Amino acid sequence: MNQVDYLRISLIDRCNFRCQYCMPEGAELNYILRQQLLTDEELLILIKEVFIPVGFTRFRLTGGEPLLRPSVVELVRAIASLPQTQDLAMTTNGFLLAGMAQDLYNGGLRRINISLDSLNPDTFNQIIGNRSRSRWRQVWEGIQTAHQVGFDPLKLNVVVIPGVNDSEVLDLAALTIDRQWHVRFIEFMPIGNDQLFSDQGWIASAQLRQQISDAFGLRESHVRGNGPADVFQIPGAIGTLGFISQMSECFCDRCNRMRLSADGWLRPCLLNETGQIDLKTSLRAGVEPAQLRKQVGQLLTLKPEINFKQRESGTTSSYTRTMSQIGG
Ligand code: SAM
Ligand code: SF4
């Protein structure tokens, strides 16, 4: 059985983008009220007194957009400085990164994933639901700054949507030829925008790999991440290409993670709401960390069964929360 030691922590469910596939314009998003968000203090109690003691040692800060949380640098510093933290990473849209990359690095963050679905400012703006050209430029500057500051590995996440950005797959893959970046193609999932999913469909990783292989050649990389990506390399390239195939391949049996939402729900499976527990309400009701450790420990033992149920039911059921709400 996989050791579950990796926690994805959503710092906030809000975002300064409205990506078509995640938080489409016009969709009703029930944002978490401020007083329902885990406070910094509560989050740190949960990490130190519940998650670390039951075996979590690797953390990823995400959202919504994690850089919108005013205390994000302090939280990075506090989590990175814990002796049990073996790995701390972040997933961000990069819009605020140029001005924050150095502080995040100084705080102890070393690994960062930045979402970049297009190299074309117009397409980018279409995807993120914004008309201003400067947004792409600002994200690109954020990526460059993160690179200069020393983030390593620096990963770029791409969700490929047919008819929207699929014509750019080769250009995005080519970024890895002379940059030590890791471009990761994530299969589009029906979470967040079912309409777009049924209108446009999705592209399987195998098809993208074939397209890239036909253009540049492709070989399996000896570099292995600790996540679900299958890693490849264009021959001679200094960066790598990752493919995350949660739609076309089931990797439930390799799943080593749980997710904590910004309002304190612990969720054992991205695609399944079974078993989730409300840690914030318990904490605020005065439940002792020892009791919470018991509940989380139990959930850890239930996780394989929950994953199995997910595998049996397939991945296209409807979800009550978007990636931005769950903590993607
Ligand atoms: N705002 C940050 C960002 O965009 O990187 C972090 C949160 S976002 C929810 C995390 C990741 O989830 C992003 O890489 C995004 O592309 C991905 N994502 C969101 N909705 C998705 C969907 N329906 N299918 C596949 N990936 C999705
Ligand atoms: Fe925001 Fe990230 Fe969702 Fe885009 S994918 S809307 S940047 S949370």
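Throughout what follows, the structure given in this document is the object of discussion. Just so it is clear, the structure is predicted and the values come from calculations on it, not from any experiment.

Moving on to the packing of helix α1 (residues 40-54) against helix α2 (residues 72-80). The relative placement of two packed helices comes down to the angle between their axes together with the axis-to-axis distance. Viewed as axis vectors pointing N to C, α1 and α2 meet at an angle of 20°, and their least axial separation amounts to 11 Å. Relative to α2, the element α1 lies roughly parallel. Seen along the crossing, α1 lies across α2 with a hand that is right-handed. Of the residues in α2, those touching α1 at Asp40, Leu43, Leu44 and Ile47 are Leu75, Ala78 and Ile79. Here the contact of α1 with α2 is built from residues that sort into 6 nonpolar, no polar and 1 charged.

This paragraph deals with the environment of Leu96. With respect to the element layout, Leu96 can be found in the loop between β3 (87-92) and α3 (97-107). Taking the C-alpha atoms as reference points, Leu96 and Ala262, 166 residues apart in sequence, are found 20 Å from one another.

It is worth spelling out the packing of α3 against helix α5 (residues 134-149) at this point. Their axes nearest at 8 Å, the elements α3 and α5 cross at an angle of 25°. Taken together, the axes of α3 and α5 lie roughly parallel to each other. α3 and α5 meet at a crossing whose hand is right-handed. Here Leu97, Ala98, Ala101, Gln102 and Tyr105 of α3 come into contact with α5, specifically with Glu141, Gly142, Thr145, Ala146 and Val149. For the contact of α3 with α5, the residue count by class is 6 nonpolar, 3 polar and 1 charged.

Criteria and cut-off values
Residues numbered from 1 in each chain as written. Chains lettered and ligands numbered in written order. Predicted model: local features only at pLDDT ≥ 70, side-chain atom pairs only at ≥ 80, totals over all residues. Heavy atoms only, no water. Axes fitted to C-alpha atoms, helices over the stretch in contact; angles between N-to-C directions. Helix = DSSP H or I, 4+ residues; strand = E, 2+ residues; numbered from the N terminus. Parallel < 35°, antiparallel > 145°, perpendicular 65-115°, else oblique. Left-handed = near helix turned anticlockwise from the far one by under 90°. Contact = heavy atoms within 4.5 Å. Nonpolar A, V, L, I, M, F, W, Y, C, P; charged D, E, K, R; others polar.

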